[in-house]
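One letter stands for each residue in the lines below.
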Amino acid sequence: MTARFTKKTIIITGASAGVGAACARAFAAQKANLVLVARGQEGLDLIKQELSTQTKVLTVAMDVADTEQCLALFAKAEQEFGTVDVLVNNAGMHSRGNLDTISPADVGAMVDINLRAPLMLSCAAIPYLRRAGGGGIVMVGSLAGMAPLQGAATYSATKSGLRAFAYALADEMRGTGIHVGVVSPGPIDTGFIMDEIDNVEDIVFSQPMSSADEVADAVLRIAAGDKLEIAMPAASGRMVNLGYLFPWLRRYLRPKLYAMGRKNKEKYRKIKE
């Protein structure tokens with residue numbers, strides 16, 4: 001990809017590890033100005049130390065569910081770098097298991113972090129992007145947002161809502177120079193899954209694993225306006241779409257997918273060990 005983001009200011013939430021850190025590296029390689037957001041300062045300090053030799057980096061330790069902190073974030077980024085050009089809504093939370101095994105507080109936290117925060121941040125970003133003459137808003141969604149996922153009802157619901165929001169906002173922003181889209185990956189080889197492998201739904205591992213770098217490449221393409229949605233892997237996206245259109249097919253295939261996932265999980269667990 002050509003360097004389309006040189007000297008552009010990129011805000012990335014959940015930027016201290018996993019996909020967020022991979023996005024930071026990908027934008028840094030294009031000499032973009034980075035505003036990296038996460039809850040913990042320690043992780044942000046590490047990624048800043050890594051990337052500061054390549055580009056300018058501002059770190060902001062904050063709670064993306066806090067409205068006042070979100071509003072202050074954009075003002076701080078514009079003050080530091082002059083513009084805000086891209087928002088990457090990557091921060092996420094997944095409390096795993098059937099709904100009756102999860103606390104109501106965790107359900108609320110998932111809704112706040114996975115859905116409320118990116119909607120609020122996107123709304124706050126628009127005036128800044130307009131002042132910059134255009135830009136991009138990217139949602140990091142999930143294949144779980146393309147069809148209901150048993151064992152992850154709240155996570156699936158939040159990612160489905162995020163996907164619907166991306167499509168609707170893309171239509172609202174059409175012709176303004178602000179590109180909006182969503183990356184919908186399946187399982188990703190990051191700590192988000194691998195550190196909790198025993199708690200991850202078996203069916204998740206029935207799909208091929210993407211790398212964080214592959215997801216980051218897709219994020220850059222969405223930010224540049226190349227696509228409205230990128231499902232990863234593409235074949236998994238097509239299968240999930242079929243499962244959404246034909247629920248009976250999803251239910252019929254579920255036992256087979258769970259069996260395949262259990263087998264693959266054992267392979268990943270041995271590699272991890």
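Since the structure is predicted, the reported quantities are computational estimates derived from the model, not experimental observations.

Asks: What is the right way to look at the packing of aromatic side chains in this model?
Replies: Each aromatic ring pair is specified by the distance between its two centres and by the angle formed by the two planes. Scanning all chains against the criterion turns up four aromatic pairs. Between Phe5 and Phe27, the ring centres sit 5.1 Å apart and the planes meet at 80 degrees, which makes this aromatic pair edge-to-face. Placement of Phe5 in the segment before strand S1 (9–13) and of Phe27 in helix H1 (residues 18–28) is noted, with a sequence separation of 22 residues between them. For Phe5, a relative accessible area of 4% gives the class buried. Where Phe205 meets Tyr268, the ring centres are 5.6 Å apart and the plane angle is 45 degrees; that geometry is what we call tilted. On the criterion of sequence distance, the pair formed by Phe205 in the loop between helix H6 (191–194) and helix H7 (212–223) and Tyr268 in helix H9 (residues 247–272) is long-range, its members being 63 residues apart.

Asks: I keep staring at the packing of H1 against helix H2 (residues 41–51) and nothing clicks. Help me out?
Replies: Two numbers describe a pair of packed helices, the interaxial angle and the distance between the axes. Closest axis-to-axis distance for the H1/H2 pair is 11 Å, and the angle between their directions is 20 degrees. If you check the angle between H1 and H2, you find them roughly parallel. Where H1 crosses over H2, the handedness of that crossing is right-handed. Contacts between H1 and H2 involve Ala21, Ala24, Arg25 and Ala28 on the former and, on the latter, Ile47, Glu50 and Leu51. Classifying every residue of the contact of H1 with H2 gives five nonpolar, no polar and two charged.

Asks: Teacher, can you tell me more about the environment of Ala235 here?
Replies: Of note, Ala235 is situated in helix H8 (residues 234–245). The class of Ala235 is partly exposed, set by a relative accessible area of 48%. Along the primary structure Ala235 and Gln207 are separated by 28 residues, whereas in three dimensions their C-alpha atoms are 9.3 Å apart.

Asks: Looking at this model, I keep getting lost on the pattern of salt bridges. Mind explaining?
Replies: Where charged atoms from two side chains of opposite charge approach closely, those side chains can pair. Scanning all chains against the criterion turns up nine salt bridges. Here Glu201 makes a salt bridge to Arg96, at a shortest N to O gap of 3.9 Å. In this pair, Glu201 sits in the loop between H6 and H7 while Arg96 sits in the loop between strand S4 (86–89) and helix H4 (104–131), placing the two residues 105 residues apart along the sequence. For Arg96, a relative accessible area of 14% corresponds to the buried category.

Conventions and cut-offs
Residues numbered from 1 in each chain as written. Predicted model: local features only at pLDDT ≥ 70, side-chain atom pairs only at ≥ 80, totals over all residues. Heavy atoms only, no water. Phe/Tyr/Trp six-rings, centres within 6.5 Å; stacked < 30°, edge-to-face > 60°. Helix = DSSP H or I, 4+ residues; strand = E, 2+ residues; numbered from the N terminus. Buried < 20%, exposed > 50% of the residue type's maximum accessible area, 1.4 Å probe, protein only. Axes fitted to C-alpha atoms, helices over the stretch in contact; angles between N-to-C directions. Parallel < 35°, antiparallel > 145°, perpendicular 65-115°, else oblique. Left-handed = near helix turned anticlockwise from the far one by under 90°. Contact = heavy atoms within 4.5 Å. Nonpolar A, V, L, I, M, F, W, Y, C, P; charged D, E, K, R; others polar. Salt bridge = Lys/Arg side-chain N within 4 Å of Asp/Glu carboxyl O.

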